[in-house]
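Chain residues, written in single-letter form:
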Amino acid sequence: MTCHQNLPDTAPWYLVQTKPNAFRIAERNLLRQDFPVFSPTQNQTKKHGTRFRHTVQQLFPGYLFVRFNPEFPQWRAINATYGVSRLVTFGNIPSPVPHALIAGLRQRCANDGTLLPPEQLNLGDRVRIISGPFADYVATVEQIEPDKRVWILLDILGGQTKTRIQIAALQKAG
């Protein structure tokens, strides 16, 4: 039995920086070592020339969360894991990520770690379209229908255009 099995739900999460373009490698190798990992992702549509490309992007590019018991020395293997750049520490001591942050992120994610659409949109909210032909446009919520469709106002070519879109394609603008 390793120190990572049967971790309580209250066990802390820590931040790991991955090497460039090695997120999946780091994730796979940490899981092989029996370290639980969490990395929220979101579906996005990007326009490349005249085509649209659907991708899954990390919410925190270059980072993932790992859970372990800091009282057992096996956690030191994380820095030597292929794909990992380093475990984020302060004075060579791993610093736990606030429990409320991880709990909030996990609540907003599906089982596969994909960020779910916002539960609560209000009239007048500024939203960013994350998929479809209007990806990366910012719009204003005009009307919300019970079937999870939202009417938005898009500013296009100096005028406002009203269009209907699935709530899953929207993200609150910061």
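On a predicted model such as this, the values are computed, not experimentally measured, just so you know.

What counts, and at which threshold
- Residues numbered from 1 in each chain as written.
- Predicted model: local features only at pLDDT ≥ 70, side-chain atom pairs only at ≥ 80, totals over all residues.
- Heavy atoms only, no water.
- Helix = DSSP H or I, 4+ residues; strand = E, 2+ residues; numbered from the N terminus.
- Rg over C-alpha atoms; globule rule 2.2 N^0.38 Å.
- Contact = heavy atoms within 4.5 Å.
- Areas by Shrake-Rupley, 256 points an atom, 1.4 Å probe, with all protein chains shown as cover.
- Salt bridge = Lys/Arg side-chain N within 4 Å of Asp/Glu carboxyl O.
- Buried < 20%, exposed > 50% of the residue type's maximum accessible area, 1.4 Å probe, protein only.
- Core = buried A, V, L, I, M, F, W, Y, C linked by side-chain atoms within 4.5 Å.
- Pairing = 2+ DSSP bridges.
- Phe/Tyr/Trp six-rings, centres within 6.5 Å; stacked < 30°, edge-to-face > 60°.

1. So, the overall build of the protein
From N to C terminus, the protein includes two helices and 14 strands. Its C-alpha atoms give the protein a radius of gyration of 20 Å, more than 25% over the compact-globule value 16 Å for 174 residues. C-alpha extents for the protein along the principal axes are approximately 60 × 35 × 30 Å. Counted over contacts in the protein with a minimum sequence separation of 6, partners at least 24 positions apart contribute 56%. As displayed, the protein has an accessible area near 10700 Å², and 52% of this comes from carbon and sulfur atoms.

2. Topic: the pattern of salt bridges
This structure, assessed with the given rule, holds three salt bridges. One salt bridge in this structure joins E27 and R24, with 2.8 Å as the shortest N-O distance. Taken together, the residues E27 and R24, both in helix 1 (residues 23-32) and three residues apart, mark about one turn of the helix. Using a relative accessible area of 18% as the deciding quantity, one classes E27 as buried. R24 gets classed as partly exposed once you look at its relative accessible area, which sits at 46%. Of the charged contacts, one joins D136 and R128 as a salt bridge, the two residues approaching to 2.8 Å between their closest N and O atoms.

3. Concerning helix 1
The α-helix advances 3.6 residues per turn, and as a result positions three or four apart in sequence lie on the same side. Of the positions making up helix 1, those classed as buried are F23, A26, E27, N29 and L30. Looking at the buried side of helix 1, the elements it contacts are strand 1 (13-18), strand 2 (37-38), strand 4 (51-58), strand 5 (63-67) and strand 6 (84-87).

4. Here we look at the nonpolar core
One finds V16, L30, V66, F68, I78 and L87 to be the most contacted residues of the largest nonpolar core, which totals 14 residues. Sorting the residues of this core by element identifies strand 1, helix 1, strand 5 and strand 6 as the ones contributing at least two each. Of all the elements, helix 1 adds the most residues to this core, at three residues. In contact with V66, other than residues within four places in its own chain, are P12, W13, Y14, V16, F35, P36, V37, I78 and L87. In terms of nonpolar packing, the next biggest core, distinct from the first, is built from 12 residues, V127, I129, I165 and L170 among them.

5. Here we look at the pairing of strand 1
Relative to strand 5, strand 1 is paired through five bridges, and the arrangement is antiparallel. Along strand 5, the bridge assignment pairs L15 with F65. In the sheet, strand 1 pairs with strand 9 (residues 96-97) via two bridges, with the strands oriented antiparallel. Of the residues in strand 9, the one forming a bridge with W13 is V97. Where strand 1 lies against strand 6, three bridges are found, and the strand directions are antiparallel. Among the inter-strand pairings, T18 is bridged to a residue of strand 6, identified as V84.

6. Things to note about the packing of aromatic side chains
The final tally for this structure, using the stated rule, is seven aromatic pairs. Consider the rings of F35 and F68, whose centres lie 6.4 Å apart with planes at 85°: the pair is edge-to-face. Within this pair, whereas F35 is found in the loop between helix 1 and strand 2, its partner F68 is found in the loop between strand 5 and strand 6, the two being separated by 33 residues in sequence. A relative accessible area of 2% means that F35 is categorised as buried. A relative accessible area of 0% means that F68 is categorised as buried.

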